[in-house]
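Examining the three-dimensional arrangement
Here's the letter readout for the chains.
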Amino acid sequence: MKIARSVAEVRASGSTSCGFVPTMGAFHEGHLSLMRAAKADCGFCAVSLFVNPTQFGPHEDYTKYPRDEANDIALAEAAGCDLLFIPAAEEIYAGDQISVSVGSLADVYEGYVRPGHFNGVATVVSKLIHIFEPKVAYFGQKDLQQCAVIRALFKEQFFNSTLRILPTMREPNGLALSSRNRYLTPEQIQNAGLLNRVLRRIAGSDDAVETAIKSGIQALQSTGWQVDYLDLVDFDTFEPLIHRTERGAAIGAARLGNTRLIDNVLICDDFFFAK
Ligand code: AMP
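Residues numbered from 1 in each chain as written. Predicted model: local features only at pLDDT ≥ 70, side-chain atom pairs only at ≥ 80, totals over all residues. Heavy atoms only, no water.

**As for unusual backbone geometry**
For Ala26, which is not glycine, the phi torsion reads 55° and is therefore positive. Of note, Ala26 is situated in the loop between strand 2 (19–23) and helix 2 (29–42). Exposure remark for Ala26: the relative accessible area of 2% places this residue in the buried category. Of note in this structure, Phe158 is not a glycine but carries a positive phi near 55°. The topology assignment puts Phe158 in the loop between helix 7 (144–156) and strand 6 (162–166). (Helix = DSSP H or I, 4+ residues; strand = E, 2+ residues; numbered from the N terminus. Buried < 20%, exposed > 50% of the residue type's maximum accessible area, 1.4 Å probe, protein only.)

**Some words on the sheet that holds strand 1 (residues 2–4)**
What the six strands build is an open sheet, ordered 1-4-3-2-5-6; its pairing is parallel. Since the sheet does not close on itself, it has two edges, and those belong to strand 1 and strand 6, each with one partner. Taking the axes of each pair of neighbouring strands and ignoring which way they run, one obtains an average angle of 25° across the sheet. Two elements, strand 5 (residues 136–140) and strand 6, share five bridges in a ladder whose sense is parallel. Counted as the bridge partner of Tyr138 is Arg164 from strand 6. Set on the sheet, helix 7 makes contact with strand 5 and strand 6; between it and strand 6 the angle comes to about 170°. (Pairing = 2+ DSSP bridges. Axes fitted to C-alpha atoms, helices over the stretch in contact; angles between N-to-C directions. Contact = heavy atoms within 4.5 Å.)

**Focus: the site of the ligand**
As a matter of local geometry, the ligand sits amid 18 residues, with Met24, His31, Asp143, Met169 and Leu177 nearest to it. A distance of 2.6 Å separates an oxygen atom of the ligand from a polar atom in the side chain of Asp143. Met169 has a polar backbone atom sitting 2.9 Å from a nitrogen atom of the ligand. Out of a free accessible area of 480 Å², the ligand has 92% covered by protein chains. (Near = heavy atom within 4 Å. Polar contact = N/O pair within 3.5 Å; in protein donor to acceptor, adjacent residues only side chain to side chain. Areas by Shrake-Rupley, 256 points an atom, 1.4 Å probe, with all protein chains shown as cover.)

Right, dumping it as structure tokens:
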């Protein structure tokens with residue numbers, strides 16, 4: 001595996017038409033599943049490891065975000081990564097004249113709670129796609145609203161790369177793997193499976209959607225969670241749905257102590273992944 005720390009080194013590596021996985025590091029099985037797919041599909045797997053400052057709000061955990069470069073290098077290499085790009089923010093943001101501005105998708109749910117977040121995500125992904133010019137770019141369903149933003153970015157900006165979204169990797173109790181899970185105590189990890197259970201009920205029980213949402217909020221609050229939102233939406237537009245349809249996704253964000261977790265459950269996986 002080659003490590004590149006500058007754009008010039010990536011350009012010299014002949015990585016075009018690779019499978020590309022953008023990440024912020026602190027790798028877990030979720031990241032590694034994307035790397036393995038990139039290698040299997042494209043024969044050459046490129047990964048970026050960059051904690052992107054512009055997608056963090058002023059009161060968020062940018063400086064405290066988990067960083068473990070030596071361990072990440074070993075994990076990426078074992079997962080089949082051929083080129084690991086670890087850029088400096090000074091190069092990625094050397095100029096500040098151009099950024100990507102996301103429309104109404106950035107005003108709701110994650111975008112509402114985290115103003116500016118999706119503009120930061122779309123801006124850095126745009127830069128990275130231009131640096132790598134991949135054949136296929138890989139993202140995780142875990143960040144479903146991010147997938148909708150990236151889908152719109154690729155489509156509306158005519159990116160010459162295919163977007164591939166892969167399913168969420170989880171702990172046995174349903175907790176979606178996340179770099180932020182390392183902030184949780186063992187007791188919180190046990191309790192954290194509840195978010196996924198609640199979302200599965202919203203996506204699939206016999207209860208009316210509204211009833212399932214209300215009882216989900218109650219179940220979370222009564223076990224110490226603070227709920228940012230819980231809803232059923234169209235997975236592409238993020239407009240709320242009153243009734244379950246094949247385009248539906250139950251989405252949620254809630255905090256356990258200081259740790260904020262997000263998750264989603266699709267009503268129809270096949271329909272989503274066929275898109
Ligand atoms: P991050 O490092 O958090 O920016 O994540 C990098 C990529 O890994 C994003 O496309 C995420 O959606 C994806 N990802 C994060 N967690 C998971 C997971 N549990 N399962 C699958 N993909 C994930």
